[in-house]
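Residue-level structure breakdown
In case you want the letters, here they are:
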Amino acid sequence: MVRHALPERTCVGCRRRVPANELLRMVAVGNEAGHSLRPDPARRLPGRGANMHPDPACFALAVRRRAFGRALRVTGVVDHGELAEHLDAPTTTSGHPDRARVASKVGRPT
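Here we summarise the structure given alongside this text. The structure presented is a predicted model; accordingly, all values stated were derived computationally and were not measured.

Cut-offs applied
Residues numbered from 1 in each chain as written. Predicted model: local features only at pLDDT ≥ 70, side-chain atom pairs only at ≥ 80, totals over all residues. Heavy atoms only, no water. Core = buried A, V, L, I, M, F, W, Y, C linked by side-chain atoms within 4.5 Å. Buried < 20%, exposed > 50% of the residue type's maximum accessible area, 1.4 Å probe, protein only. Helix = DSSP H or I, 4+ residues; strand = E, 2+ residues; numbered from the N terminus. Patch = residues over 30% accessible without salt bridge, like charges linked within 9 Å, V, L, I, M, F, W, Y side chains within 5 Å. Areas by Shrake-Rupley, 256 points an atom, 1.4 Å probe, with all protein chains shown as cover. Salt bridge = Lys/Arg side-chain N within 4 Å of Asp/Glu carboxyl O. Lys, Arg positive; Asp, Glu negative; His and termini not counted. Charge placed at Lys NZ, Arg CZ, Asp CG, Glu CD. Arc of directions from axis to C-beta. Disulfide = S-S within 2.5 Å. Polar contact = N/O pair within 3.5 Å; in protein donor to acceptor, adjacent residues only side chain to side chain. Contact = heavy atoms within 4.5 Å. Phe/Tyr/Trp six-rings, centres within 6.5 Å; stacked < 30°, edge-to-face > 60°.

This part covers the nonpolar core. Membership of the largest hydrophobic core comes to 19 residues, with the highest contact counts inside it found for Val12, Met26, Leu37, Met52, Phe68 and Leu83. The set of elements that each furnish at least two residues to this core consists of strand 3 (24–31), strand 5 (49–52), helix 1 (56–65), helix 2 (67–72) and helix 3 (81–88).

Right, here's the structure in full:
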């Protein structure tokens, strides 16, 4: 049986290297106001991508460190509203369980 190594990527928030299938890919889409981040759970959108855990803590770290612009090689302010909405959704399309179900399983309030 031949084992193939899984591709690894680095989370732009916490900077940990993990298998790519555990991370949410995002791309910068240019518009008249600058660039906005668009989540790419299917990993099919064209352009340079950045990866992040689908976790609000990693998102907050990336915003605080201004990591999106560097990772995606775009200048100016990057609008991350669409990505924030995607992360706040009750269930993400990245295949990870939502925060409420995880918190209830470990006994934490949501």
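Before going further, it helps to spend a moment on a positive patch on the surface. Together, Arg15, Arg64, Arg65, Arg66 and Arg70 give the surface a local cluster of positive charge. Mapping Arg66 onto the fold places it in the loop between helix 1 and helix 2. Residue class for Arg66 comes out exposed when judged on its relative accessible area of 67%.

We now examine helix 1. By the burial criterion, the buried members of helix 1 are Cys58, Phe59 and Ala62. Relative to the axis of helix 1, the buried residues are bounded by an arc of 100 degrees and lie together on one face. Arg66 sits one or two positions beyond helix 1 and adopts a positive phi of about 55 degrees.

If you walk through the whole model with that rule in mind, you get zero disulfides. Summary of cysteine pairing: Cys14 is not part of a disulfide, and the nearest cysteine sulfur, belonging to Cys11, is at 3.7 Å. We classify Cys14 as partly exposed; its relative accessible area is 27%. As a non-bridged cysteine, Cys58 has Cys11 as the owner of its nearest cysteine sulfur, 3.8 Å distant.

On the secondary structure map, Asp40 appears in the loop between strand 4 (34–39) and strand 5. Residue Asp40 is classed as buried on the basis of its relative accessible area, which comes to 4%. Looking at Asp40, its side chain comes within polar contact range of the side chain of Arg25, at 2.5 Å. A polar contact is formed between the side chain of Asp40 and the backbone nitrogen of Leu45, at a distance of 3.0 Å. In contact with Asp40, other than residues within four places in its own chain, are Leu24, Arg25, Met26 and Leu45.

Following the criterion strictly, the structure yields one aromatic pair and no others. For the pair Phe59 and Phe68, a centre-to-centre distance of 6.0 Å together with 40 degrees between the ring planes defines the contact as tilted. With a relative accessible area of 4%, Phe68 lands in the buried category.

Glancing now at the pattern of salt bridges. The tally for this structure, following the rule as stated, stands at three salt bridges. One salt bridge in this structure joins Glu82 and Arg38, with 3.8 Å as the shortest N-O distance. Separated by 44 residues along the polypeptide, Glu82 in helix 3 and Arg38 in strand 4 bring together distant segments of the chain.

Our focus in this paragraph is unusual backbone geometry. Excluding glycine, a negative phi dihedral is what most residues carry, and trans is how most peptide bonds are arranged. At Arg15, a residue that is not glycine, the phi angle is positive and equals roughly 65 degrees. Turning to its location among the elements, Arg15 is positioned in the loop between strand 1 (8–10) and strand 2 (17–19). For Arg15, a relative accessible area of 51% puts it in the exposed group. With a phi angle near 55 degrees, Arg66 is a residue other than glycine that sits in the positive phi range.

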